[in-house]
Amino acid sequence: MPGRSYRFICLPLFVLMLLASVATLSAQTTNDIGGINRQYWDKGDNGSSGAYVIQANDNMGNPVSILPDSDIFTFSTAQKASIDSAFDYWGDVLGLGAANAMSPVIRVVGQDINVLNANALSLWDSVTTNINPISRIVNSADPTRVDGIDGRMVFFNTSTFTTTPFTQYTGGNSLGAVALHELGHIFGIASGGAAPPAMANQLPPGFFLNTAYTDDIVAPNTSFSSFTGANATAVFGANVPLGEGNSHFVIPFSVMSRGLFFTANGDFKDFRNNIAFTPVELAVMRDIGYNITLSDHFGDTFYQDSNGVQQSVAAATPTKNFGVGTFIQADNLNLLFDNDISANGTYGTGIRINGGQEAVSNQNGQIIKARSTIGNLLTIDQGTSISANGMGGSGIL
């Protein structure tokens, strides 16, 4: 069945950089969540001094680097637990160990304004020309922090989001699912980052390319950009279409999605993010430089429509949480399962059918893929085992 569709909005990251000096504030408490130094900033913290958020707009719409305390609210214990679940998931995906002083410090702030939204932004490292979290995890560098942080997430109007734990098919409207998307930007699916104010005499104000990601972006003879990393194109079967700000994928039912989709039934979906990573997203992270063994997460993938000729599906034994033995998001496939598939992590899936008949366009209405309604034929050979052995697993989803 296709992934569930929920609407979330990410503010564009291209905002005016405020190069005013940042006041020195006392250290904020951080916790090791999934190997990441996660830090909440609640209302009244640090003597109500306000939270440094790199770049943002206050409740009056003014560009600021410090969000006033009057604009901040305090997350509940349940809300924090939901957001922390996304940090844990990311830590598992990236294979992070225990956090230390070199690990990324990510600040989480709630802005008390009645807008359904969330956004994320990282500082930029002029030495590696990547955003700070990539520099720290991939390049083992120690880039400049401001007020002790490498990046931040800001949530608005959290009363509209649930705190339901997310599995492979529930919790899509939770704060955890939204945080999962925003952390995708923090850890590299972002076209750039903001230079620290300390660099004001070296660089003009603005937004600087996150080259570990943007070096693989091209726009060959099309009106939209594509990601061309070797792992991603091998998994997707083509260049990966990008959406708004080149920091989202125009692929239905994915965590980092941003596009307009019409289902096979003609239903319109303005889809934003899903509740578990799809193979192409993990492949993009591998292209960025993270040490991800893709076969631990998924086996064969089918993103491109086929010609109806039968093809055999390879054996797979993914071990990671939310792992998928065979991933299907295409039409007119004729697949023969004559090799065993075993998904062994928590919330794993033997075969995941994630759509594939949808018409897809980007935010500008440019057609990426036409609707197709032929359908797929899946044959499981006698004696072949399709299993999901971890907690909450599903043989076919």
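Now for a look at the structure at hand. Remember, it's a predicted structure, so these values are computed and weren't measured experimentally.

The rules we used
- Residues numbered from 1 in each chain as written.
- Predicted model: local features only at pLDDT ≥ 70, side-chain atom pairs only at ≥ 80, totals over all residues.
- Heavy atoms only, no water.
- Helix = DSSP H or I, 4+ residues; strand = E, 2+ residues; numbered from the N terminus.
- Buried < 20%, exposed > 50% of the residue type's maximum accessible area, 1.4 Å probe, protein only.
- Contact = heavy atoms within 4.5 Å.
- Areas by Shrake-Rupley, 256 points an atom, 1.4 Å probe, with all protein chains shown as cover.
- Pairing = 2+ DSSP bridges.
- Axes fitted to C-alpha atoms, helices over the stretch in contact; angles between N-to-C directions.
- Salt bridge = Lys/Arg side-chain N within 4 Å of Asp/Glu carboxyl O.
- Phe/Tyr/Trp six-rings, centres within 6.5 Å; stacked < 30°, edge-to-face > 60°.
- Core = buried A, V, L, I, M, F, W, Y, C linked by side-chain atoms within 4.5 Å.
- Parallel < 35°, antiparallel > 145°, perpendicular 65-115°, else oblique.
- Left-handed = near helix turned anticlockwise from the far one by under 90°.
- Nonpolar A, V, L, I, M, F, W, Y, C, P; charged D, E, K, R; others polar.
- Polar contact = N/O pair within 3.5 Å; in protein donor to acceptor, adjacent residues only side chain to side chain.

### Comments concerning the overall build of the protein chain
Stage number 1. Of the regular secondary structure elements, the protein chain holds seven helices and 28 strands.
Stage number 2. The burial tally for the protein chain puts 56% of its 397 residues in the buried class.
Stage number 3. A fraction of 71% describes how many contacts in the protein chain between residues 6 or more apart in sequence connect residues 24 or more apart.
Stage number 4. By element, 50% of the accessible surface of the protein chain is carried by carbon and sulfur atoms, the whole surface being about 14,900 Å².

### Remarks on the sheet that holds strand S21 (residues 334-337)
Stage number 1. Strand order in this open sheet of three strands is S19-S21-S26, and the pairing throughout is parallel. Pairing within the sheet leaves two strands with one partner each, and these edge strands are strand S19 (310-312) and strand S26 (377-380). Averaged over all pairs of adjacent strands, the angle between strand axes in this sheet comes to 25°, irrespective of strand direction.
Stage number 2. In this sheet, S26 lies alongside S21 in parallel orientation, the contact comprising four bridges. Of the residues in S26, the one forming a bridge with Leu335 is Leu378.

### Here we look at the pattern of salt bridges
Stage number 1. Summed over all chains, the structure comprises seven salt bridges.
Stage number 2. Residues joined by salt bridges that share partners form a network here, namely Arg136, Asp142, Arg145 and Asp150.

### Brief notes about the environment of Asn117
Stage number 1. Tracing the backbone shows Asn117 in strand S7 (residues 117-122).
Stage number 2. The buried category is assigned to Asn117, whose relative accessible area is 5%.
Stage number 3. For the pair Asn117 and Thr160, spaced 43 residues apart in sequence, the C-alpha separation works out to 9.9 Å.

### Digging into the packing of aromatic side chains
Stage number 1. One pass over the structure, following the stated rule, counts 12 aromatic pairs.
Stage number 2. Taken together, the ring pairs in this structure connect Tyr89, Trp90, Phe187, Phe277, Phe322 and Tyr347 into an aromatic cluster.

### Section: the nonpolar core
The nonpolar side chains of a soluble globular protein tend to be buried, and buried together.
Stage number 1. If you look at the biggest cluster of nonpolar residues, it comprises 61 residues, and the most contacted ones within it are Ile83, Met153 and Phe155.
Stage number 2. Those residues in contact with Met153 that lie beyond four places of it in its chain are Ile83, Phe87, Arg107, Val108, Val109, Asn119, Ala120, Ala179, Glu182, Leu183 and Ile186.

### Let's talk about the pairing of strand S10 (residues 151-156)
Stage number 1. Of all six residues making up S10, six are buried, and the element is well covered by its neighbours.
Stage number 2. Strand direction decides the pairing type here: S7 and S10, joined by six bridges, are antiparallel. By the bridge assignment for S10, Ala120 is matched with Met153.

### Description of the sheet that holds strand S23 (residues 349-353)
Stage number 1. Pairing is parallel in the open sheet, where four strands are placed in the order S18-S20-S23-S28. Of all the strands in the sheet, just strand S18 (301-302) and strand S28 (394-396) have a single pairing partner and so form its edges.
Stage number 2. Where strand S20 (residues 324-328) and S23 come together, four bridges link them in parallel fashion. Looking across to S23, one finds that Ile328 is bridged to Ile353.

### Overview of the environment of Thr144
Stage number 1. For Thr144, the position within the fold is in the loop between helix H3 (132-137) and S10.
Stage number 2. According to the relative accessible area criterion, Thr144 is partly exposed, its value standing at 44%.
Stage number 3. In this structure the C-alpha to C-alpha distance between Thr144 and Trp124, which are 20 residues apart in sequence, comes to 8.4 Å.
Stage number 4. Contact partners of Thr144, with chain neighbours within four places excluded, come to Leu123, Asn132 and Pro196.

### Some thoughts on unusual backbone geometry
Stage number 1. The residue Ser48 is not glycine, and still its phi comes out positive at about 60°.
Stage number 2. Looking at the secondary structure, you find Ser48 in helix H1 (residues 45-48).
Stage number 3. Here the phi dihedral of Phe322 falls at roughly 65°; this positive angle occurs in a residue that is not glycine.
Stage number 4. Structurally, Phe322 is set in the loop between S19 and S20.

### Brief notes about the packing of helix H2 (residues 77-94) against helix H4 (residues 175-186)
Stage number 1. Where H2 meets H4, the axes come as close as 8 Å, and the angle between the chain directions of the two elements is 45°. Comparing the axis directions of H2 and H4 gives the class oblique. Here the hand of the crossing between H2 and H4 comes out right-handed. Contacts between H2 and H4 involve Gln79, Ser82, Ile83, Ser85, Ala86, Phe87, Tyr89 and Trp90 from the first element and Leu175, Gly176, Ala179, Leu180, Leu183 and Gly184 from the second.
Stage number 2. Each residue belonging to the contact of H2 with H4 can be placed in one class, and the counts come to nine nonpolar, five polar and no charged.

### Some details on the environment of Lys43
Stage number 1. One can find Lys43 in the loop between strand S2 (36-41) and H1.
Stage number 2. With relative accessibility at 41%, the residue Lys43 sits in the partly exposed group.
Stage number 3. Placed 28 residues apart in sequence, Lys43 and Asp71 show a C-alpha to C-alpha distance of 8.3 Å.
Stage number 4. Aside from chain neighbours lying at most four places away, what touches Lys43 is Asp69, Ser70, Ile72, Phe73 and Thr74.
Stage number 5. Engagement of the side chain of Lys43 in a polar contact is seen with the backbone oxygen of Ile72, the distance being 3.4 Å.

Purely geometric stuff here, so don't read any function into it on its own.
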